[in-house]
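# Structure assessment
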Amino acid sequence: KQWYQRRVRGFGLTNKKYLTFNSKEVKSDLQRWDLAGRISLVTFAYNDFFKDYQAKDFTYDFFNDPTVQANLQVYSSNRQELVSWGNHEVKEVQAEIIPCNITSMDFFDKLTAPGLVRESGALYKCFDEDIDGFLVADELHRMLLTEESEHWEVYNEEERQELLFLLFKHLVLGGPVCQYDDKIDRYLEIAKGLYKELITVQKNSETKKIELISKVLKVSAWDGDICWFPGDEHHQTFCYLILNPVNRIVTVFSHDYGKGCW
C-alpha cells in the first residue's frame, strides 16, 4: 500500500535589505528603546505555493532547512551576543495565522481618545506602576498591557491581533532597559515604515481597491525541550514569518527580549 509523501519545501537566502531599520535616525530610536541588535530581519526565497492550511508544514520545513539554519541567529547562553543557530532537528512547531488587513494609518486615529494621547502627540502620564515587568508611566503603555486600563476597549480583540497593531506595540514596549518616548510620533512613523516594507499589496482588478496579499504566521519551534524560536513567552520575545505569496519570499521578523528558556 502506498502512502502519500509530502513534498518538502526548499529555501534560499536573499539579499533583501530593510531601509527602515538602516537609517541613522531609526538606529538611534532603536538604541533608545533597547531594541538595537535584538531585532532580526532575514528574508528567504521558497520554491512552492503556500495555502493557509499548510501553515504548520511550511513552518516545519522552514526551520529544518539547512540554509535557514545557517543564516538565523540566536542569543548565546550568557545572553550577551548573537551567534549562529547551527544545525538542529526541529521536532515540533506551532503556527498561528495573524490577520493583516489594515491599509491606512487612520487605524491609529482612535489613540487620540481623551486621556490617552493628546492632539500634539504627547502621551498622558499616569502614576508609575509595574505591569508584567514593565515600568509603566503613561496611559498608552497601560492600554497596551492591561485590561484594567480604562482605554483597553479603544481597540477590540480582533484589532489587537492585526500585524500593524503588533508592530506598533512591540516598538512602544521596547527592550529590558527601554527609554520610553514622551510623544507617539516616532513609534507611529517607524511602525508605518516597517509595515510598508514587510507587507505586499496589489490592486483588485474588479474593485480597483488596494488589497494586502501577505500571509503572516506567528511561529514557535522546538528542538526537544529547547524552544529556539521565539525563545520564551515574554510579551516582547516573538517570531513572525511574513510571506509574499507572489514572489515566494518569506521574511523572519524576530526579537529576543533577553530571557531565554535554556
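A brief structural summary. In this convention, every chain numbers its residues from 1, walking through the sequence in written order. Totals for whole chains, interfaces and linings use every residue, but because this is a predicted model, local features are given only for residues with pLDDT of at least 70 and side-chain atom pairs only at 80 or more, for both listing and counting. Calculation of side-chain values draws on the structure's entire complement of heavy atoms; hydrogens and water are dropped beforehand.

Below, the discussion takes up the nonpolar core. One finds F21, L111, L140, L163, F168, Y195 and F253 to be the most contacted residues of the largest nonpolar core, which totals 46 residues. The set of elements that each furnish at least two residues to this core consists of α2 (24-32), β2 (39-46), α5 (139-145), α7 (163-173), α8 (185-198) and β12 (238-244). Top contributing element to this core by residue count: α7, with eight residues. We call two residues in contact when some of their heavy atoms are within 4.5 Å. When near neighbours in sequence (up to four residues on either side) are disregarded, F168 contacts F108, L111, L140, L144, I184, Y187, L188 and A191. The next biggest cluster of nonpolar side chains, apart from the first, holds 25 residues, and it includes L72, W85, V93 and A221. Joining through side-chain atoms within 4.5 Å is the link that ties buried Ala, Val, Leu, Ile, Met, Phe, Trp, Tyr and Cys residues into a set, and such a set is a nonpolar core. Categorising residues by exposure relies on relative accessible area from a 1.4 Å probe, with only protein chains included: less than 20% of the type maximum marks a residue as buried, more than 50% marks it as exposed, and the intermediate range marks it as partly exposed. Numbering of helices and strands starts at the N terminus; helices are DSSP runs of H or I of at least 4 residues and strands are runs of E of at least 2.

A separate point is α8. With 14 residues, α8 extends 20 Å from end C-alpha to end C-alpha; this agrees with the ideal 20 Å at 1.5 Å per step. When α8 is considered as a whole, its buried residues turn out to be R186, Y187, I190, A191, L194, Y195 and L198. The buried residues of α8 all sit within an arc of 155° when viewed along its axis, so they share a single face. Take the residue count of a helix, subtract one, and multiply by 1.5 Å to get its expected span. This arc describes the spread of directions from the helix axis toward the C-beta atoms.

What follows covers the pattern of salt bridges. Salt bridge, as used here: a side-chain nitrogen of Lys or Arg that lies within 4 Å of a carboxyl oxygen of Asp or Glu. Scanning the entire structure with this criterion turns up 11 salt bridges. Here E25 makes a salt bridge to R186, at a shortest N to O gap of 3.8 Å. Placement of E25 in helix α2 and of R186 in helix α8 is noted, with a sequence separation of 161 residues between them. The exposure class of E25 is exposed, given its relative accessible area of 52%. When the shortest N-O distance is used, the salt bridge between K125 and D182 registers 2.8 Å.

It is worth spelling out α2 at this point. Restricting attention to buried positions, one finds in α2 the residues V26, D29 and L30. With its buried residues spanning 95° around the axis, α2 presents them on a single face. Residues of α2 that are exposed and angled more than 90 degrees away from the buried face: K24, E25 and Q31. Looking one or two residues beyond α2, the residue adopting positive phi is D34, at roughly 60°.

Position of T43 among the secondary structure elements: in strand β2. The spatial distance from the C-alpha of T43 to the C-alpha of G12 is 8.7 Å, given a sequence separation of 31 residues. Residues contacting T43, with those up to four places away along its chain left out, are G12, L13, T14, K16, Y18, I249, V250 and T251. Nitrogen and oxygen atoms within 3.5 Å of one another constitute a polar contact, given that in protein one can donate a hydrogen and the other can accept it, and given that sequence-neighbouring residues count only through two side-chain atoms. A polar side-chain atom of T43 sits 2.7 Å from a polar atom in the side chain of Y18.

Looking along a regular strand, one sees side chains alternate from face to face of the sheet. The criterion for strand pairing is that DSSP finds at least two bridges linking the strands in question. Here strand β5 (residues 92-98) pairs with strand β10 (residues 215-223) via seven bridges, running antiparallel. Across the sheet, E92 pairs through a bridge with W222, a residue of β10. As judged from the four bridges shared by β10 and β12, these two strands associate in the antiparallel manner. Bridge pairing links V216 to I242 in β12.

This part is about the packing of aromatic side chains. Two aromatic rings, taken as a pair, are described by how far apart their centres are and by the angle between their planes. Ring pairs are drawn from Phe, Tyr and Trp, using the six-membered ring of Trp, whenever the two centres fall within 6.5 Å, and their geometry is named by plane angle: stacked under 30 degrees, edge-to-face over 60, tilted for the rest. This structure, assessed with the given rule, holds 17 aromatic pairs. Between F62 and F63, the aromatic rings sit 5.1 Å apart at their centres with planes inclined by 85°, giving edge-to-face as the arrangement. You can call F62 buried: its relative accessible area is 0%. Using a relative accessible area of 0% as the deciding quantity, one classes F63 as buried. Following the ring pairs from residue to residue traces out a cluster consisting of F11, F44, Y46, F50, F58, F62, F63 and F229. In this scheme, the term charge over a ring applies when either NZ of a lysine or CZ of an arginine sits within 6 Å of the ring centre and within 35 degrees of the ring normal. A cation over an aromatic ring shows up here: R118 above the ring of Y124, its NZ or CZ 3.9 Å from the ring centre. In this arrangement the basic side chain of R160 is found over the ring face of W152, its NZ or CZ atom lying 3.5 Å from the centre.

Turning to the packing of α7 against α8, a few remarks are in order. Helix-helix packing is described using two parameters, namely the angle between the two axes and the distance between the axes. Structural elements are reduced to axes, namely lines fitted to C-alpha atoms, with helices fitted over the stretch in contact, and the angle between N-to-C directions of any two is expressed from 0 to 180 degrees. Where α7 meets α8, the closest approach of the two axes is 9 Å, and the angle between their N-to-C directions is 135°. On the basis of their axis angle, the class for α7 and α8 is oblique. As α7 runs across α8, the sense of the crossing is right-handed. On α8, the residues that touch L163, L164, L167, F168, L171 and V172 of α7 are Y187, L188, I190, A191, L194, Y195 and L198. Three categories are distinguished: nonpolar for Ala, Val, Leu, Ile, Met, Phe, Trp, Tyr, Cys and Pro, charged for Asp, Glu, Lys and Arg, and polar for the others, with Gly belonging to the last. Class assignment of the residues belonging to the contact of α7 with α8 gives a composition of 13 nonpolar, no polar and no charged. Should an angle lie under 35 degrees it is considered roughly parallel, over 145 roughly antiparallel, and from 65 to 115 roughly perpendicular; all remaining angles are considered oblique. Should the near helix be turned anticlockwise from the far one by less than a right angle, the crossing is left-handed, and should it be turned clockwise, the crossing is right-handed.

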